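Chain by chain, the residues run as shown.
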2 protein chains.
Amino acid sequence: MNSPLKKRVALLGSTGSIGRQALDVIAANPDHFEVEVLTAQSNVDLLIEQAKRHKPNVVVIVNEGGYERLKEALAGEPLKIFSGEKALSSVVQMESVDVVLTALVGYAGLQPTIKAIEAGKTIALANKETLVVAGALITQLAREHRVNILPVDSEHSAIFQCLAGELHNPVEKIILTASGGPFRGRKRSDLTTVTKAQALRHPNWSMGAKITIDSATLMNKGLEVIEARWLFGLGASKIEVLVHPQSIIHSMVQFEDGSIKAQLGLPDMRLPIQYALSYPERLKNDFPRFDFAQYPSLTFEKPDTETFRNLALAFDALDRGGNMPCVLNAANEVAVAEFLNDRLSFLGISEVVEQCLAKMDYIREPRLEDYVETDKMTRIRANELIR
Amino acid sequence: MNSPLKKRVALLGSTGSIGRQALDVIAANPDHFEVEVLTAQSNVDLLIEQAKRHKPNVVVIVNEGGYERLKEALAGEPLKIFSGEKALSSVVQMESVDVVLTALVGYAGLQPTIKAIEAGKTIALANKETLVVAGALITQLAREHRVNILPVDSEHSAIFQCLAGELHNPVEKIILTASGGPFRGRKRSDLTTVTKAQALRHPNWSMGAKITIDSATLMNKGLEVIEARWLFGLGASKIEVLVHPQSIIHSMVQFEDGSIKAQLGLPDMRLPIQYALSYPERLKNDFPRFDFAQYPSLTFEKPDTETFRNLALAFDALDRGGNMPCVLNAANEVAVAEFLNDRLSFLGISEVVEQCLAKMDYIREPRLEDYVETDKMTRIRANELIR
């Protein structure tokens, strides 16, 4: 069954929102894709179910506590089972893997992505934190190993789609659209008592908890700005954020002749996932189509960076460069986790990020060890601030 | 000065709206383009001015009455002067011409376009009537002579831009946007007393009189549907018209994966003119840029084909095929001219077109002579109907 035309996918983070949708896309296109590796952080039950259904050759459970149960449940299946974080870095290098889809959450995506690039695998990148933390290092590695990094984020997929056939034409700017999240239009004083439940209610997209909170604080858009800087090789001055509450135009590119190209569609992550896997081909599917009759008006407004400080902080971190985006990301990961644990207020998230950016040591040209150290020290500092 | 990198342009219809804007584009990019031929129907004064300024090697005045004055005024210039309709067909075949920009009005574009294709010239097509009248014949000829037909109409340029890098991906449908013209939202009963001045007041685009009236009746969009059918090789069922009053999204393409790509910008014909001349490159320019702050809302609605009968008639003519689009065009040219002469009411335009389509003989596979005959006989019939 290992047809050379089929792309063999290692899916890191298969039990999350992107992972589950990626499995739907793969299952719907058995002539084009097959699952080689599935990995999960800790959701053993779903991983067992996925392994039985999608028949990977390898499964990994990162949280070692789940290993025994996984092994027992899959005893009859012809597959290998590993556990632990280091296993991720090995399985992505397997000869039998063509594409690594990195759908794990946060900083954890960094090491396996580096290993996959070093092994020459195509990267379908759903883990934006990898580029946020270490964009210079990752893109340099990708160039050395002649590896394509294909975006899965809907905004970056939109830009990537708009750039098809235009790579010889300089870009004047890109316009990242943002829904504005559940608190669009509110002021800081309206946000002092925001609850977790309110922040988790995204108007358009159904996503994991971390990214949903990041959308409510606009940090998600800030991380995307940094991701775009590295994916498309553009300075911060060429990246604009535009609030578009309907989330239909997923992003845009403006060329040097003033012409703007946009990619549109319903907010449905399966489309950018499929495109990253099938690129440069597009595969016919039966996803619901966008209908203008349902959206007689598409609206646009400037982002309010006074209320949503995180977006301004992300631009600052990008401007300063070095390890500052790594600080931004680590501080945000801790702050969001603590908000979800009811130990930090909504407005406290950007306060923690801002203080970490002000206090952590600046490293102009970090090596991998520096990123690891910056991440660790920032997390300690952020936790201290919250306590 | 005949650098092989410069495209040498024969500009047919240089004194019209598209022609004048094309000369601005050419003059702004002297390293990329030069004017080889200028032709005008009857505006001798402007043609003289243009010839002195843009230094073509050949000028043509179609209306022979202007020849003597033109010759006298340009006596000191190192250029050749011709007159008469047949001269158009000769000059487009000159060795020294690379690109023929067909910016003349109506059926008159057909013969010179055929001659230019036969001589292997790239066509920048601003004369949509050529494809409306004889799309099958023109596209067949272009294939035989391996000639590119590059659209200048903003809608078709938008689609062409969206197709860059996607030619291997099947199109599910194209969505032609329409401003809706000055009478959008009106019903037939509101349009019985429309004056020429009202119909000539287009909300977004500044264009010639004929196309402005066609925009008010929606015939322009009908002609564009037929033009798109031939330019992009799509059946009528894959072409949709969407009213978008702000004229910012110039048109869209939906691919088989459901992804939609759109091209946006201010309504400024210089951009599609420049793109047709510079393709596949884009040239930096200082045209005003689109700013979402000025357009916080883009709106969309279905076209009202009961009020604007011409759009439905164009789809009918395309469905019937053969010489019917030629009938549609000839009847419309006569009707619009008579409306501009105050000899026909606004609603009378579509009545004339509808009656001609009902009465003229159907020819399934017309040859060039059949188109010529159909055009002639339809004009006679339309004039009779109006009298």
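Structure first, text after, so check above.
Reading guide: rules and limits
Residues numbered from 1 in each chain as written. Chains lettered and ligands numbered in written order. Predicted model: local features only at pLDDT ≥ 70, side-chain atom pairs only at ≥ 80, totals over all residues. Heavy atoms only, no water. Core = buried A, V, L, I, M, F, W, Y, C linked by side-chain atoms within 4.5 Å. Buried < 20%, exposed > 50% of the residue type's maximum accessible area, 1.4 Å probe, protein only. Helix = DSSP H or I, 4+ residues; strand = E, 2+ residues; numbered from the N terminus. Domains from an automatic or database assignment. Contact = heavy atoms within 4.5 Å. Salt bridge = Lys/Arg side-chain N within 4 Å of Asp/Glu carboxyl O. Pairing = 2+ DSSP bridges. Right-handed = clockwise from strand over helix to strand, strands pointing away. Least-squares fit on C-alpha atoms with pLDDT ≥ 70 in both. Axes fitted to C-alpha atoms, helices over the stretch in contact; angles between N-to-C directions. Phe/Tyr/Trp six-rings, centres within 6.5 Å; stacked < 30°, edge-to-face > 60°. Lys NZ or Arg CZ within 6 Å of the ring centre and 35° of its normal. Buried area = accessible area lost by both parts, 1.4 Å probe. Polar contact = N/O pair within 3.5 Å; in protein donor to acceptor, adjacent residues only side chain to side chain. Parallel < 35°, antiparallel > 145°, perpendicular 65-115°, else oblique. Left-handed = near helix turned anticlockwise from the far one by under 90°. Nonpolar A, V, L, I, M, F, W, Y, C, P; charged D, E, K, R; others polar.

### Structural notes on the nonpolar core
Core analysis: the biggest nonpolar cluster contains 123 residues, and L101, L328 and F346 of chain B have the highest contact counts within it. It is helix α13 (residues 324–340) of chain B that provides the largest number of residues to this core, a total of nine residues. Here this core gathers at least three residues from each of two domains, domain 1 (7–151) and domain 2 (156–320) of chain B. Sequence-distant contacts of L101 of chain B, that is, excluding residues within four places in its chain, are made with V9, A10, L11, L12, I18, A22, A124, A126, I273 and L277 of chain B. I159, V194, L234 and F346 of chain A belong to the second largest nonpolar core, which has 121 residues in total.

### Digging into the pattern of salt bridges
A full pass over the atoms with the stated rule returns 54 salt bridges over all chains. Between E224 of chain A and K221 of chain A there is a salt bridge whose closest N-O contact spans 2.7 Å. Residue E224 of chain A and its partner K221 of chain A are both found in helix α10 (residues 219–232); the two are separated by three residues, about one turn of the helix. Note on E224 of chain A: relative accessible area 1%, which makes it buried. A salt bridge links R379 of chain B to D375 of chain B; the nearest nitrogen and oxygen atoms lie 2.8 Å apart. Here the residue R379 of chain B and the residue D375 of chain B both occupy positions in helix α15 (residues 368–386), the gap between them amounting to four residues, near one helical turn. Each of the salt bridges in this network shares a partner with another, and the network as a whole consists of K128, D153, E155, K221 and E224 of chain A.

### What to know about the pairing of strand β5 (residues 99–102) of chain A
All names here are of chain A. Burial along β5 is two-sided: the face carrying V99 and L101 and the face carrying V100 and T102 are both buried. Here four bridges tie strand β1 (residues 7–12) to β5, and the two strands are oriented parallel to one another. Across the sheet, residue L12 finds its bridge partner in β5, namely T102. As judged from the four bridges shared by β5 and strand β6 (residues 122–125), these two strands associate in the parallel manner. Following the sheet pairing, T102 is matched in β6 by L125. Handedness of the crossover is the feature at issue here: the chain leaves β5, passes through helix α5 (residues 110–118), returns alongside β6, and the resulting connection is right-handed.

### Thoughts on helix α2 (residues 44–54) of chain B
All names here are of chain B. Buried residues of α2: V44, L46, L47, I48, Q50, A51 and H54, and no others. As for α2, its buried residues are in contact with α1 (17–28), β2 (33–40), β3 (58–61) and α3 (67–73). Residue K55 follows α2 closely and has a positive phi angle near 50°.

### Details of the relation of the copies chain A and chain B
Aligned on chain B, chain A shows an RMSD of 0.0 Å; the corresponding rotation is 180° and the shift along the axis is 0.0 Å. The operation mapping one copy onto its partner corresponds to a two-fold rotation axis. Across chain A, the smallest distance between a C-alpha and the rotation axis is recorded for G165 of chain A, namely 1.8 Å.

### Observations concerning the sheet that holds strand β4 (residues 80–83) of chain A
Residue and element names in this part refer to chain A. With parallel pairing, the seven strands of this open sheet are ordered in space as β4-β3-β2-β1-β5-β6-β7. Edge strands, defined here as strands with exactly one partner in the open sheet, are β4 and β7 (149–151). Averaged over neighbouring strand pairs, the angle between their axes works out to 20° when direction is ignored. Both strand β2 (residues 33–40) and strand β3 (residues 58–61) contribute to a ladder of four bridges, which runs parallel. Paired with A40 across the bridge in β3 is I61. The strands that α5 touches are β1, β5, β6 and β7; relative to β6, the one it contacts most, it runs at about 150°.

### A few points about the packing of aromatic side chains
Applying the stated rule across the entire model yields 16 aromatic pairs over all chains. Ring geometry for Y275 of chain A against Y279 of chain A: centres 5.8 Å apart, planes inclined by 70°, an arrangement best described as edge-to-face. Classification of Y275 of chain A by relative accessible area gives buried; the value is 2%. Ring geometry for F290 of chain B versus F292 of chain B: centroids 4.6 Å apart, planes at 75°, classification edge-to-face. Note on accessibility: F290 of chain B and F292 of chain B belong to one class, buried. Ring pairing ties together the aromatic residues F290, F292 and Y295 of chain A together with F300 of chain B, which thus form one cluster. Its guanidinium or amino end placed over the ring of W230 of chain A, R229 of chain A lies 3.9 Å from that ring's centre, counting from NZ or CZ. The cationic tip of R282 of chain B hangs over the ring face of F255 of chain A; the distance from NZ or CZ to the ring centre is 4.6 Å.

### What about unusual backbone geometry?
All names here are of chain A. Between Y279 and P280 the backbone carries a cis peptide bond, its omega angle lying at 5°. Positionally, P280 belongs in the loop between α11 (270–278) and β12 (297–299). Of note in this structure, K55 is not a glycine but carries a positive phi near 50°. Considering the arrangement of structural elements, one finds K55 in the loop between α2 (44–54) and β3. The class of K55 is exposed, set by a relative accessible area of 51%. For R146, which is not glycine, the phi dihedral falls at a positive 50°. Within the fold, R146 resides in the loop between α6 (128–144) and β7.

### Examining the interface of chain A and chain B
Between chain A and chain B, the residue contacts involve 41 residues of the former and 41 residues of the latter. Together chain A and chain B conceal approximately 3,500 Å² of surface at their shared face, both sides included; 53% is due to carbon and sulfur atoms. For the pair chain A and chain B, the number of links is eight salt bridges. At the junction of chain A and chain B, the tally comes to 32 residue pairs in polar contact (both at pLDDT 80 or more). Secondary-structure elements contributing two or more residues to the side of chain A that touches chain B are α7 (154–163), β8 (171–178), β10 (249–255), β11 (260–264), α11 and β12 of chain A. The leading source of residues in the side of chain A that touches chain B is β11 of chain A, at five residues.

### Quick word on the packing of α10 of chain A against helix α12 (residues 309–320) of chain A
Residue and element names in this part refer to chain A. With their axes 7 Å apart at the nearest point, α10 and α12 run at an angle of 25° to one another. Between α10 and α12, the interaxial angle falls into the category roughly parallel. Relative to α12, α10 is oriented so that their crossing is right-handed. Across the interface between the two elements, M219, K221, G222, V225, I226 and R229 from α10 touch N310, L311, A314, F315 and L318 from α12. In terms of residue class, the contact of α10 with α12 is made up of seven nonpolar, two polar and two charged.

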